[in-house]
Amino acid sequence: MEIERINLLGVPVDICRPSDFEAAIVSLMEREGPKQIVFLSIWDLLKARGKSDFAKAVKQADLVLPISKSIITGARFLKLTVPTRWNPFETMVNIMTLLENRYKSVYLLGGHKKTLLAAERNVRMTFKSLQIVGRYVGYYPKSEDAAVTEAVRKSSPSLVIMSDGLKDKFCWFHNRRESFSTSMFLYYPDAIAIFSERKAHVRKETFDKGLEFFPELLRSPLKCFLIFPFISYKLMLVWHRLTD
């Protein structure tokens, strides 16, 4: 299934409607080779406006789903096709449900040992027909990297959920893409913590109102300085509108 892709300030954003979501994931699942699904926040979009590995990872991703309200309003302001905004936790659960219904498999990568074990246990209880073919902590030493990569490759999971503790974070898959011949890869830093019940996911009401940043601000007050890149984003939108 072909998904329309727009270009917002030089960064790709995919137009995937809720009605097309299942078909898009199934199509991605059946496509040959390794694939990456990206949850794109406004901060990720700003970071991807360059030539870094992060920017390359976003631009080469197979499905880029916006999760920030500012991306939606930015696309509307520039009179582009307006994408659907996706709740990352709900979307990840929906993907896992689609896999479970097809008796597919998942690999859990990230978190500390106790958290990962708790997450695995809860995933098994929730998704009874979804096979967990492997797990590995995220805070592993560099000397184990080749072994971890090989373990994921040999497991050939339908989906690899990458979470906190990975040194390369978002770019873990991108930097090792040539090592894999199959699987979908999804980076969601809170996944293991949420599945282990050590962290609560953002309430649907909070997310729908676009207020999910404020709980993060309460936990990390220094994030108040993100107001400056946010202002620069608004200015870039105005400049692009005037010069386009």
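Keep in mind the model is a prediction, meaning the values are calculated, not measured. (Residues numbered from 1 in each chain as written. Predicted model: local features only at pLDDT ≥ 70, side-chain atom pairs only at ≥ 80, totals over all residues. Heavy atoms only, no water.)

Caption draft 1: Seen up close, the packing of helix H4 (residues 69-77) against helix H11 (residues 227-243). Closest axis-to-axis distance for the H4/H11 pair is 10 Å, and the angle between their directions is 15°. Put simply, H4 runs roughly parallel to H11. At the point where H4 passes H11, the crossing takes the right-handed sense. Contacts between H4 and H11 involve Ser 70, Ile 71, Thr 73, Gly 74 and Phe 77 on the former and, on the latter, Phe 230, Tyr 233, Lys 234, Leu 237, Val 238 and Arg 241. Counted by class, the contact of H4 with H11 contains six nonpolar, three polar and two charged residues. (Axes fitted to C-alpha atoms, helices over the stretch in contact; angles between N-to-C directions. Helix = DSSP H or I, 4+ residues; strand = E, 2+ residues; numbered from the N terminus. Parallel < 35°, antiparallel > 145°, perpendicular 65-115°, else oblique. Left-handed = near helix turned anticlockwise from the far one by under 90°. Contact = heavy atoms within 4.5 Å. Nonpolar A, V, L, I, M, F, W, Y, C, P; charged D, E, K, R; others polar.)

Caption draft 2: How the structure looks around the sheet that holds strand S7 (residues 159-162). Read across the open sheet, the six strands follow the order S4-S3-S8-S7-S5-S6; overall the sheet is parallel. This sheet does not close on itself; its edge strands, each paired only once, are strand S4 (63-66) and strand S6 (131-136). Going from strand to strand, the sheet's axes swing by 20° on average, the running direction of each strand aside. Alignment of strand S5 (residues 105-109) against S7, held across four bridges, turns out to be parallel. Bridged to Val 106 within S7 is Leu 159. Running at roughly 145° to strand S3 (residues 35-40), helix H1 (residues 21-30) makes contact with S3, S4 and strand S8 (184-187) of the sheet. (Pairing = 2+ DSSP bridges.)

Caption draft 3: Spotlight on the pattern of salt bridges. Summed over the entire model, instances satisfying the criterion amount to 11 salt bridges. The partner of Arg 124 in a salt bridge is Glu 120, and the shortest N-O contact between them spans 2.8 Å. Placement of the pair is Arg 124 and Glu 120 together in helix H6 (residues 113-126), with a separation of four residues, close to one helical turn. Glu 150 is paired through a salt bridge with Arg 153; the nearest N and O atoms lie 2.6 Å apart. Of the two residues, Glu 150 and Arg 153 both sit in helix H7 (residues 145-155), three residues apart, roughly one turn of that helix. According to the relative accessible area criterion, Glu 150 is partly exposed, its value standing at 30%. Residues participating in the shared-partner salt-bridge network are Arg 31, Asp 62 and Arg 177. (Salt bridge = Lys/Arg side-chain N within 4 Å of Asp/Glu carboxyl O. Buried < 20%, exposed > 50% of the residue type's maximum accessible area, 1.4 Å probe, protein only.)

Caption draft 4: Geometry of the environment of Asp 53. Looking at where Asp 53 falls in the secondary structure, it is placed in helix H3 (residues 53-59). Taking relative accessible area as the criterion, Asp 53 reaches 41% and is therefore assigned partly exposed. Distance from Asp 53 to Asn 7, taken between C-alpha atoms, is 18 Å for residues 46 residues apart in sequence.

Caption draft 5: How the structure looks around the side chain of Arg 176. Its location among the elements puts Arg 176 in the loop between S7 and S8. Polar contacts involving the side chain of Arg 176 include one to the side chain of Asp 168, which spans 2.8 Å. Excluding residues within four positions of it along the chain, Arg 176 makes contact with Tyr 140, Asp 145, Thr 149, Asp 168 and Cys 171. (Polar contact = N/O pair within 3.5 Å; in protein donor to acceptor, adjacent residues only side chain to side chain.)

Caption draft 6: How the structure looks around the side chain of Ser 196. One can find Ser 196 in the loop between helix H8 (191-195) and helix H9 (204-208). Since its relative accessible area comes to 8%, Ser 196 is described here as buried. Within the structure, the side chain of Ser 196 is placed 2.9 Å from the backbone oxygen of Ala 193, a separation counted as a polar contact.

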